[in-house]
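Survey of secondary and tertiary structure
Listed below, chain by chain, are the residues.
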Amino acid sequence: MGIVVIGDVFIDIKGYSIASYIPQGRNVGTIAQIHGGVGRNVAEDIANLELKPTFIGLVDDDAMGEEVIRKLDRHKVDTRFMRKVPNGMGTWLAIFDNNGDAVASVSKRPDHTPVEYIL
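Now for a quick tour of the structure. Going along each chain's sequence as written, the residues are numbered from 1 onward. With pLDDT at 70 or above as the cut-off, local features in this predicted model cover only qualifying residues; side-chain atom pairs require 80 or more to be listed or tallied, and sums for whole chains, interfaces and linings still use all residues. Side-chain descriptors were evaluated using all non-hydrogen atoms of the structure, hydrogens and water having been removed beforehand.

A look at the packing of aromatic side chains
Working definition: a ring pair exists when centres of Phe, Tyr or Trp rings (six-membered ring for Trp) sit within 6.5 Å. Plane angles under 30 degrees give stacked, over 60 give edge-to-face, the rest tilted. Here the structure, examined in full by the defined rule, presents 1 aromatic pair. On the basis of an interplanar angle of 15 degrees and a centroid distance of 5.0 Å, the ring pair of Tyr 16 and Phe 96 is categorised as stacked. Here Tyr 16, found in strand β2 (residues 10–17), pairs with Phe 96, found in strand β7 (residues 90–96); they are 80 residues apart in sequence, far enough to count as distant. Buried means the residue's accessible area, taken with a 1.4 Å probe over protein chains only, is under 20% of the maximum for its type, while exposed means over 50%, and partly exposed covers the values in between. Among the residues examined, Tyr 16 registers a relative accessible area of 33% and is labelled partly exposed. Helix numbering and strand numbering both begin at the N terminus, where a helix is a DSSP run of H or I of at least 4 residues and a strand a DSSP run of E of at least 2.

Observations regarding the pattern of salt bridges
Here, a salt bridge means any Lys or Arg side-chain nitrogen found within 4 Å of an Asp or Glu carboxyl oxygen. Tallying each qualifying case throughout the model produces 6 salt bridges. The partner of Lys 84 in a salt bridge is Glu 66, with the nearest N and O atoms 2.3 Å apart. One end of the pair, Lys 84, is in strand β6 (residues 83–85); the other, Glu 66, is in helix α2 (residues 63–74), and 18 residues separate them in sequence. Note that Asp 78 and Arg 80 form a salt bridge whose closest N and O atoms lie 2.7 Å from each other. Relative accessible area serves as the criterion here: at 23%, Asp 78 is assigned to the partly exposed category. Taken together, the shared-partner salt bridges in this structure form one network comprising Glu 66, Arg 70, Asp 73 and Lys 84.

Treat this as a map of the structure, not an account of what it does.
What follows is the structure in structure tokens.
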């Protein structure tokens, strides 16, 4: 069985304060970058169930975009319809306080225009 997933790829950048979060101050903590995006997440989850997904989507034309494609390939997602383009991926930046609550976030949306050429 094959399943086609059309969707976005995001890079989630999450910062976790290890002390009381100070909105206008400097905060010490940890930062993690994670491959995200609902479409990418769904395609990887389907692949983990061995249902052979094909992912139609975009990534940035840089090393991070290449890394996303390689990881999907390792999960056995068919990536032949993915394209590397400028502004192909979104980015979500989130800041969490020392209790794990989100205190701020900013999202950069990708340009979806190239998807119509894939379809």
